[in-house]
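A look at the structure
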Amino acid sequence: MEPSLLEALRVAARVTILTGAGVSAESGVPTFRDRQIGLWERFDAAELATPQAYARDPALVWGWYEWRRAAVLRAQPNLAHRSIAALASKMPAVTLITQNVDDLHERAGSSGLLHLHGRLMRPYCQQCGQPYALCGDVPEIPEGGQRIDPPRCATCGGRVRPGVVWFGEPLPAEEWRSAVLAAQRCDAFFAIGTSAVVQPAASLIGLARRAGAVTVQINPDATAADGVVDYHLQGKAGVILPALLHAWHEILIS
Ligand code: BV8
Ligand code: ZN
(Lines give C-alpha, C1' and ligand atoms only; values in the text may rest on other atoms or scores of the structure.)
(Ligands and ions follow the chains in the order given, each with its own letter.)
Protein backbone atom coordinates (compact mmCIF):
# COMPACT_ATOMS: atom_id res chain seq x y z
CA MET A 1 0.00 0.00 0.00
CA GLU A 2 1.53 3.30 -1.06
CA PRO A 3 2.67 5.36 1.95
CA SER A 4 1.25 8.53 0.41
CA LEU A 5 -2.17 6.86 0.14
CA LEU A 6 -2.02 5.64 3.74
CA GLU A 7 -1.00 9.12 4.88
CA ALA A 8 -3.98 10.63 3.01
CA LEU A 9 -6.31 8.04 4.59
CA ARG A 10 -4.85 8.68 8.05
CA VAL A 11 -6.05 12.28 7.93
CA ALA A 12 -9.32 11.58 6.05
CA ALA A 13 -12.33 12.59 8.12
CA ARG A 14 -15.06 11.91 5.53
CA VAL A 15 -15.05 8.93 3.18
CA THR A 16 -17.41 8.26 0.27
CA ILE A 17 -17.62 4.86 -1.40
CA LEU A 18 -19.21 4.08 -4.78
CA THR A 19 -19.70 0.38 -5.49
CA GLY A 20 -20.61 -1.48 -8.66
CA ALA A 21 -21.43 -5.03 -9.65
CA GLY A 22 -17.83 -6.13 -9.02
CA VAL A 23 -18.31 -6.07 -5.23
CA SER A 24 -21.01 -8.75 -5.60
CA ALA A 25 -18.95 -10.83 -8.06
CA GLU A 26 -17.25 -12.83 -5.27
CA SER A 27 -20.72 -13.68 -3.94
CA GLY A 28 -21.39 -15.39 -7.25
CA VAL A 29 -23.75 -12.69 -8.54
CA PRO A 30 -22.92 -12.10 -12.23
CA THR A 31 -21.72 -8.58 -13.11
CA PHE A 32 -23.26 -6.52 -15.84
CA ARG A 33 -20.25 -7.19 -18.07
CA ASP A 34 -20.58 -10.97 -17.69
CA ARG A 35 -22.20 -12.73 -20.59
CA GLN A 36 -25.87 -13.56 -20.22
CA ILE A 37 -26.81 -17.26 -20.30
CA GLY A 38 -29.73 -19.43 -21.40
CA LEU A 39 -32.87 -17.64 -22.52
CA TRP A 40 -31.13 -14.26 -22.38
CA GLU A 41 -27.87 -15.35 -24.02
CA ARG A 42 -28.58 -13.37 -27.17
CA PHE A 43 -29.13 -10.13 -25.24
CA ASP A 44 -26.73 -7.66 -23.75
CA ALA A 45 -27.84 -6.79 -20.18
CA ALA A 46 -28.20 -3.14 -21.16
CA GLU A 47 -30.74 -4.18 -23.85
CA LEU A 48 -32.90 -5.98 -21.28
CA ALA A 49 -32.64 -3.22 -18.64
CA THR A 50 -34.84 -0.76 -20.55
CA PRO A 51 -38.50 0.31 -20.50
CA GLN A 52 -38.69 -0.60 -24.21
CA ALA A 53 -37.62 -4.20 -23.57
CA TYR A 54 -40.21 -4.50 -20.80
CA ALA A 55 -42.97 -3.06 -22.97
CA ARG A 56 -41.99 -5.37 -25.86
CA ASP A 57 -41.74 -8.60 -23.86
CA PRO A 58 -42.67 -8.25 -20.17
CA ALA A 59 -42.49 -12.01 -19.48
CA LEU A 60 -38.92 -12.27 -20.88
CA VAL A 61 -37.70 -9.30 -18.81
CA TRP A 62 -39.61 -10.18 -15.61
CA GLY A 63 -38.22 -13.73 -15.93
CA TRP A 64 -34.69 -12.24 -16.12
CA TYR A 65 -35.20 -10.18 -12.97
CA GLU A 66 -36.69 -13.15 -11.11
CA TRP A 67 -33.67 -15.26 -12.21
CA ARG A 68 -31.37 -12.52 -10.86
CA ARG A 69 -33.40 -12.18 -7.67
CA ALA A 70 -33.09 -15.96 -7.12
CA ALA A 71 -29.31 -15.69 -7.59
CA VAL A 72 -29.13 -12.86 -5.02
CA LEU A 73 -31.31 -14.72 -2.51
CA ARG A 74 -28.97 -17.74 -2.79
CA ALA A 75 -25.87 -15.55 -2.46
CA GLN A 76 -24.16 -14.41 0.72
CA PRO A 77 -22.38 -11.09 1.31
CA ASN A 78 -18.64 -11.48 0.74
CA LEU A 79 -15.57 -9.97 2.40
CA ALA A 80 -15.91 -6.83 0.27
CA HIS A 81 -19.43 -6.10 1.57
CA ARG A 82 -18.36 -6.95 5.11
CA SER A 83 -15.20 -4.82 4.97
CA ILE A 84 -17.22 -1.82 3.80
CA ALA A 85 -19.71 -2.33 6.63
CA ALA A 86 -16.81 -2.65 9.12
CA LEU A 87 -15.19 0.56 7.86
CA ALA A 88 -18.45 2.47 8.32
CA SER A 89 -18.74 1.12 11.87
CA LYS A 90 -15.23 2.41 12.70
CA MET A 91 -15.40 5.80 10.98
CA PRO A 92 -18.31 8.14 11.58
CA ALA A 93 -18.53 9.88 8.24
CA VAL A 94 -18.69 7.15 5.62
CA THR A 95 -21.29 7.50 2.85
CA LEU A 96 -21.97 4.39 0.80
CA ILE A 97 -23.39 4.84 -2.68
CA THR A 98 -24.16 1.77 -4.79
CA GLN A 99 -25.11 1.14 -8.40
CA ASN A 100 -26.10 -2.38 -7.42
CA VAL A 101 -29.71 -3.45 -7.12
CA ASP A 102 -29.01 -6.40 -4.81
CA ASP A 103 -29.36 -6.24 -1.01
CA LEU A 104 -25.95 -7.71 -0.14
CA HIS A 105 -24.61 -4.47 1.37
CA GLU A 106 -27.62 -4.37 3.72
CA ARG A 107 -27.23 -8.06 4.57
CA ALA A 108 -23.55 -7.38 5.42
CA GLY A 109 -24.65 -4.73 7.93
CA SER A 110 -24.45 -1.50 5.93
CA SER A 111 -27.34 0.92 6.41
CA GLY A 112 -28.44 4.25 5.00
CA LEU A 113 -26.82 3.52 1.66
CA LEU A 114 -27.82 5.33 -1.49
CA HIS A 115 -29.18 3.01 -4.21
CA LEU A 116 -28.70 5.06 -7.41
CA HIS A 117 -30.14 2.36 -9.68
CA GLY A 118 -33.03 1.13 -7.53
CA ARG A 119 -33.57 -2.17 -5.73
CA LEU A 120 -34.31 -5.64 -7.07
CA MET A 121 -36.32 -6.46 -3.94
CA ARG A 122 -38.65 -3.46 -4.32
CA PRO A 123 -40.87 -3.98 -7.40
CA TYR A 124 -43.88 -1.70 -7.80
CA CYS A 125 -46.98 -1.19 -9.92
CA GLN A 126 -46.28 0.55 -13.23
CA GLN A 127 -49.69 2.22 -13.13
CA CYS A 128 -50.23 3.40 -9.56
CA GLY A 129 -46.76 3.01 -8.03
CA GLN A 130 -48.03 0.72 -5.26
CA PRO A 131 -45.11 -1.38 -3.91
CA TYR A 132 -45.54 -5.10 -4.68
CA ALA A 133 -44.77 -7.53 -1.86
CA LEU A 134 -42.53 -10.28 -3.22
CA CYS A 135 -42.92 -13.62 -1.48
CA GLY A 136 -39.66 -14.28 0.38
CA ASP A 137 -38.92 -17.77 -0.93
CA VAL A 138 -36.47 -18.28 -3.78
CA PRO A 139 -38.30 -18.46 -7.10
CA GLU A 140 -37.74 -21.87 -8.74
CA ILE A 141 -36.20 -20.87 -12.08
CA PRO A 142 -34.62 -23.47 -14.39
CA GLU A 143 -30.88 -22.89 -15.04
CA GLY A 144 -31.50 -21.64 -18.58
CA GLY A 145 -34.11 -19.21 -17.29
CA GLN A 146 -37.77 -18.91 -18.26
CA ARG A 147 -40.35 -16.35 -19.25
CA ILE A 148 -42.57 -15.38 -16.33
CA ASP A 149 -45.67 -13.20 -16.65
CA PRO A 150 -45.27 -10.22 -14.29
CA PRO A 151 -47.72 -10.13 -11.38
CA ARG A 152 -50.63 -7.72 -11.28
CA CYS A 153 -51.12 -4.96 -8.72
CA ALA A 154 -53.70 -5.85 -6.03
CA THR A 155 -54.81 -2.22 -5.89
CA CYS A 156 -55.40 -1.31 -9.52
CA GLY A 157 -54.65 -4.43 -11.56
CA GLY A 158 -51.75 -2.68 -13.27
CA ARG A 159 -48.60 -4.55 -14.33
CA VAL A 160 -45.85 -4.77 -11.70
CA ARG A 161 -42.33 -3.73 -12.80
CA PRO A 162 -38.87 -4.36 -11.31
CA GLY A 163 -37.90 -1.70 -8.76
CA VAL A 164 -34.77 -0.74 -10.69
CA VAL A 165 -33.75 2.31 -12.75
CA TRP A 166 -33.61 1.28 -16.40
CA PHE A 167 -31.39 2.86 -19.05
CA GLY A 168 -33.03 6.05 -20.24
CA GLU A 169 -34.81 6.53 -16.88
CA PRO A 170 -33.79 9.26 -14.45
CA LEU A 171 -32.05 8.36 -11.19
CA PRO A 172 -34.05 8.89 -7.97
CA ALA A 173 -33.67 12.63 -7.36
CA GLU A 174 -33.07 12.50 -3.58
CA GLU A 175 -30.48 9.72 -3.79
CA TRP A 176 -28.68 11.47 -6.64
CA ARG A 177 -28.62 14.82 -4.83
CA SER A 178 -27.18 13.16 -1.69
CA ALA A 179 -24.62 11.25 -3.76
CA VAL A 180 -23.37 14.46 -5.43
CA LEU A 181 -23.01 16.15 -2.03
CA ALA A 182 -21.16 13.12 -0.64
CA ALA A 183 -18.75 13.19 -3.59
CA GLN A 184 -18.13 16.93 -3.23
CA ARG A 185 -17.63 16.86 0.55
CA CYS A 186 -15.33 13.91 1.14
CA ASP A 187 -11.59 13.67 1.77
CA ALA A 188 -11.32 10.19 0.24
CA PHE A 189 -13.47 8.66 -2.52
CA PHE A 190 -13.37 4.95 -3.36
CA ALA A 191 -14.74 3.48 -6.61
CA ILE A 192 -14.97 -0.24 -5.97
CA GLY A 193 -15.95 -2.90 -8.52
CA THR A 194 -17.28 -0.61 -11.19
CA SER A 195 -16.34 -0.33 -14.86
CA ALA A 196 -17.19 3.39 -14.52
CA VAL A 197 -19.11 3.29 -17.80
CA VAL A 198 -22.67 4.00 -16.66
CA GLN A 199 -23.60 7.65 -16.27
CA PRO A 200 -24.30 9.76 -14.34
CA ALA A 201 -23.05 7.47 -11.50
CA ALA A 202 -19.49 7.28 -12.88
CA SER A 203 -19.25 11.08 -13.00
CA LEU A 204 -19.10 11.10 -9.18
CA ILE A 205 -15.46 9.96 -9.36
CA GLY A 206 -14.30 13.02 -11.30
CA LEU A 207 -16.54 15.24 -9.16
CA ALA A 208 -14.81 14.03 -6.00
CA ARG A 209 -11.37 14.45 -7.53
CA ARG A 210 -12.12 18.02 -8.65
CA ALA A 211 -13.45 18.80 -5.16
CA GLY A 212 -10.06 17.80 -3.72
CA ALA A 213 -10.62 14.24 -2.49
CA VAL A 214 -7.98 11.55 -2.88
CA THR A 215 -9.60 9.09 -5.31
CA VAL A 216 -8.95 5.35 -5.15
CA GLN A 217 -10.20 2.64 -7.50
CA ILE A 218 -10.29 -1.04 -6.49
CA ASN A 219 -10.67 -3.31 -9.50
CA PRO A 220 -8.77 -6.24 -11.04
CA ASP A 221 -9.13 -4.70 -14.50
CA ALA A 222 -8.74 -1.39 -16.28
CA THR A 223 -11.81 0.85 -16.22
CA ALA A 224 -13.07 4.07 -17.75
CA ALA A 225 -11.90 5.85 -14.60
CA ASP A 226 -8.21 4.90 -15.04
CA GLY A 227 -7.29 8.38 -16.21
CA VAL A 228 -9.24 10.02 -13.37
CA VAL A 229 -8.30 8.34 -10.11
CA ASP A 230 -5.18 9.02 -8.05
CA TYR A 231 -4.67 5.36 -7.10
CA HIS A 232 -5.69 2.06 -8.68
CA LEU A 233 -5.42 -0.86 -6.25
CA GLN A 234 -5.45 -3.70 -8.72
CA GLY A 235 -7.18 -6.84 -7.51
CA LYS A 236 -10.37 -8.30 -6.17
CA ALA A 237 -12.31 -6.18 -3.67
CA GLY A 238 -12.69 -9.17 -1.33
CA VAL A 239 -8.89 -9.42 -1.13
CA ILE A 240 -7.84 -5.75 -1.24
CA LEU A 241 -10.39 -4.29 1.16
CA PRO A 242 -9.51 -6.44 4.21
CA ALA A 243 -5.80 -5.67 3.67
CA LEU A 244 -6.54 -1.97 3.22
CA LEU A 245 -8.66 -1.84 6.37
CA HIS A 246 -5.92 -3.59 8.34
CA ALA A 247 -3.25 -1.13 7.14
CA TRP A 248 -5.64 1.80 7.72
CA HIS A 249 -6.43 0.59 11.24
CA GLU A 250 -2.71 0.23 12.01
CA ILE A 251 -2.00 3.86 11.13
CA LEU A 252 -5.14 5.11 12.90
CA ILE A 253 -4.07 3.50 16.17
CA SER A 254 -0.35 4.29 15.74
C1 BV8 B 1 -30.10 8.57 -17.42
C2 BV8 B 1 -30.35 -1.15 -12.89
C3 BV8 B 1 -31.25 10.49 -18.16
C4 BV8 B 1 -30.96 -2.09 -13.87
C5 BV8 B 1 -28.60 -0.02 -14.14
C6 BV8 B 1 -28.51 6.95 -24.65
C7 BV8 B 1 -29.84 6.99 -24.30
C8 BV8 B 1 -30.25 7.11 -22.98
C9 BV8 B 1 -29.30 7.22 -21.99
C10 BV8 B 1 -27.97 7.15 -22.36
C11 BV8 B 1 -27.56 7.04 -23.67
N12 BV8 B 1 -26.20 7.04 -23.71
C13 BV8 B 1 -25.72 7.12 -22.44
C14 BV8 B 1 -26.79 7.20 -21.63
C15 BV8 B 1 -26.77 7.30 -20.24
C16 BV8 B 1 -27.00 5.89 -19.70
C17 BV8 B 1 -25.68 5.18 -19.73
O18 BV8 B 1 -24.85 5.45 -18.88
N19 BV8 B 1 -25.47 4.25 -20.68
C20 BV8 B 1 -24.19 3.55 -20.71
C21 BV8 B 1 -24.41 2.14 -21.23
C22 BV8 B 1 -23.22 4.35 -21.57
N23 BV8 B 1 -27.48 6.10 -18.37
C24 BV8 B 1 -28.79 6.07 -18.12
O25 BV8 B 1 -29.63 5.80 -18.94
C26 BV8 B 1 -29.18 6.47 -16.71
N27 BV8 B 1 -30.25 7.42 -16.76
O28 BV8 B 1 -29.09 8.94 -17.94
O29 BV8 B 1 -31.27 9.27 -17.44
C30 BV8 B 1 -32.55 11.10 -17.92
C31 BV8 B 1 -32.61 12.26 -17.15
C32 BV8 B 1 -33.82 12.86 -16.96
C33 BV8 B 1 -34.99 12.29 -17.52
C34 BV8 B 1 -34.92 11.11 -18.26
C35 BV8 B 1 -33.69 10.50 -18.48
C36 BV8 B 1 -29.67 5.27 -15.94
C37 BV8 B 1 -28.53 4.30 -15.74
C38 BV8 B 1 -28.98 3.19 -14.80
C39 BV8 B 1 -29.15 1.91 -15.57
N40 BV8 B 1 -29.47 0.82 -14.63
N41 BV8 B 1 -28.95 -0.96 -13.26
C42 BV8 B 1 -30.48 -3.49 -13.68
O43 BV8 B 1 -29.59 -3.73 -12.84
O44 BV8 B 1 -31.01 -4.37 -14.39
S45 BV8 B 1 -26.98 0.13 -14.57
C46 BV8 B 1 -26.17 -1.34 -14.38
O47 BV8 B 1 -24.83 -1.06 -14.77
C48 BV8 B 1 -26.04 -1.90 -12.99
O49 BV8 B 1 -26.59 -1.10 -11.98
C50 BV8 B 1 -24.52 -1.95 -12.80
O51 BV8 B 1 -24.13 -1.85 -11.49
C52 BV8 B 1 -24.20 -0.73 -13.55
C53 BV8 B 1 -22.83 -0.32 -13.86
O54 BV8 B 1 -22.09 -1.39 -14.15
P55 BV8 B 1 -20.98 -1.78 -13.03
O56 BV8 B 1 -21.61 -1.76 -11.69
O57 BV8 B 1 -19.80 -0.98 -13.25
O58 BV8 B 1 -20.80 -3.25 -13.40
P59 BV8 B 1 -20.02 -3.78 -14.65
O60 BV8 B 1 -20.50 -5.15 -14.88
O61 BV8 B 1 -20.06 -2.76 -15.74
O62 BV8 B 1 -18.50 -3.80 -14.15
C63 BV8 B 1 -18.15 -4.64 -13.10
C64 BV8 B 1 -16.76 -4.20 -12.71
O65 BV8 B 1 -16.35 -4.98 -11.60
C66 BV8 B 1 -15.73 -4.44 -13.82
O67 BV8 B 1 -14.91 -3.30 -13.92
C68 BV8 B 1 -14.92 -5.64 -13.29
O69 BV8 B 1 -13.56 -5.55 -13.67
C70 BV8 B 1 -15.05 -5.44 -11.80
N71 BV8 B 1 -14.89 -6.64 -11.00
C72 BV8 B 1 -15.18 -7.93 -11.32
N73 BV8 B 1 -14.90 -8.74 -10.27
C74 BV8 B 1 -14.44 -7.92 -9.26
C75 BV8 B 1 -14.43 -6.59 -9.72
N76 BV8 B 1 -14.02 -5.56 -8.97
C77 BV8 B 1 -13.61 -5.84 -7.72
N78 BV8 B 1 -13.59 -7.08 -7.19
C79 BV8 B 1 -14.00 -8.14 -7.94
N80 BV8 B 1 -13.97 -9.38 -7.42
ZN1 ZN C 1 -51.44 -0.39 -9.18
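Shown above is the structure to which this text applies.
First, a word on what this report is: a plain description of the structure on this page. This is a predicted model, so every value here is computed, not measured.

Let's shift gears to the coordination of the zinc ion (ligand 2). Taken together, the protein donors to the zinc ion (ligand 2) comprise Cys 125 (SG), Cys 128 (SG), Cys 153 (SG) and Cys 156 (SG), at separations of 2.2 to 2.3 Å. Around the zinc ion (ligand 2) sit four donor atoms, and with donor-metal-donor angles ranging over 99 to 118° the site reads as tetrahedral. Counting residues between consecutive donors of the zinc ion (ligand 2) along the chain gives the motif C-x2-C-x24-C-x2-C. Placement of the pair is Cys 128 in the loop between strand 4 (124-125) and strand 5 (160-161) and Cys 153 in the loop between strand 4 and strand 5, with a sequence separation of 25 residues. According to the relative accessible area criterion, Cys 128 is partly exposed, its value standing at 39%. Its relative accessible area of 6% is what places Cys 153 among the buried residues.

The omega torsion across Gln 199 and Pro 200 is 0°, close enough to zero to call that bond cis. If you trace the backbone, Pro 200 turns up in the loop between strand 6 (188-192) and helix 9 (203-210). Located in the positive-phi region is Ala 196, a residue other than glycine, with phi close to 55°. Examined against the element boundaries, Ala 196 turns out to sit in the loop between strand 6 and helix 9. By relative accessible area, which is 9% here, Ala 196 ends up buried.

All told, the structure shown has eight salt bridges when counted by the stated rule. Its salt-bridge partner being Arg 69, residue Glu 66 comes within 2.8 Å of it at the nearest N-O pair. A residue pair is termed a helical-turn pair when its members lie 3 or 4 positions apart in one helix, as Glu 66 and Arg 69 do in helix 5 (residues 58-74) at three residues. Note on accessibility: Glu 66 and Arg 69 belong to one class, buried.

Bringing the sheet that holds strand 6 into the picture now. Ordered in space as 3-2-1-6-7-8, the six strands form an open sheet in which the pairing is parallel. Looking along the sheet, the strands with just one partner apiece sit at the ends: strand 3 (114-115) and strand 8 (231-234). Looking at chain direction, strand 2 (residues 93-98) and strand 3 are connected through two bridges and run parallel. In the sheet register, Ile 97 faces strand 3, and the bridge partner there is Leu 114. Against the sheet, helix 6 (residues 79-90) contacts strand 1 (14-19), strand 2 and strand 6, and its axis sits at roughly 160° relative to strand 1.

Our focus in this paragraph is the pairing of strand 1. If a strand is regular, its side chains alternate between the two faces of the sheet. Most of strand 1 is tucked away: five of the six residues are buried. Relative to strand 2, strand 1 runs parallel, the two being bridged by six bridges. For Val 15, the partnering residue across the bridge sits in strand 2 and is Val 94. Pairing geometry for strand 1 and strand 6, over five bridges, is parallel. The partner of Leu 18 across the bridge, within strand 6, is Ala 191.

Thresholds, definitions, all that
- Sequence order sets the numbering: in each chain, residues are counted from 1 along the sequence as written.
- Each chain takes a letter, starting from A, and each ligand takes a number, starting from 1, following the order in which they are written.
- Local features in this predicted model are restricted to residues whose pLDDT is 70 or higher, and side-chain atom pairs enter the listing and the counts only when it is 80 or higher, whereas totals over whole chains, interfaces and linings include all residues.
- As a rule here, side-chain values cover all heavy atoms of the structure and leave hydrogens and water aside.
- Coordinating donors are taken to be N, O and S atoms lying within 2.8 Å of the metal, or within 3.2 Å when the metal is Na, K or Ca; because water is excluded from the atom set, some sites may appear incomplete.
- Square planar and octahedral assignments, for four and six donors respectively, both demand that opposite donors be over 155 degrees apart and that all other angles lie between 65 and 115; tetrahedral needs four donors with all angles between 85 and 135 degrees, and anything else is irregular.
- Secondary structure elements follow DSSP: runs of H or I no shorter than four residues count as helices, runs of E no shorter than two count as strands, and numbering proceeds from the N terminus.
- The rule is simple: take the accessible area with a 1.4 Å probe, protein chains only, and divide by the maximum for that residue type; under 20% is buried, over 50% is exposed, in between is partly exposed.
- Basic side-chain nitrogens of Lys or Arg form a salt bridge, by our definition, when they fall within 4 Å of a carboxyl oxygen of Asp or Glu.
- Any two strands between which DSSP finds at least two bridges are classified as paired.
- Note on definitions: a residue-residue contact is assigned when non-hydrogen atoms from the two residues lie within 4.5 Å.
- Helix axes use the C-alpha atoms of the stretch in contact, all axes being lines fitted to C-alpha atoms, and the angles between their N-to-C directions lie in the range 0 to 180 degrees.

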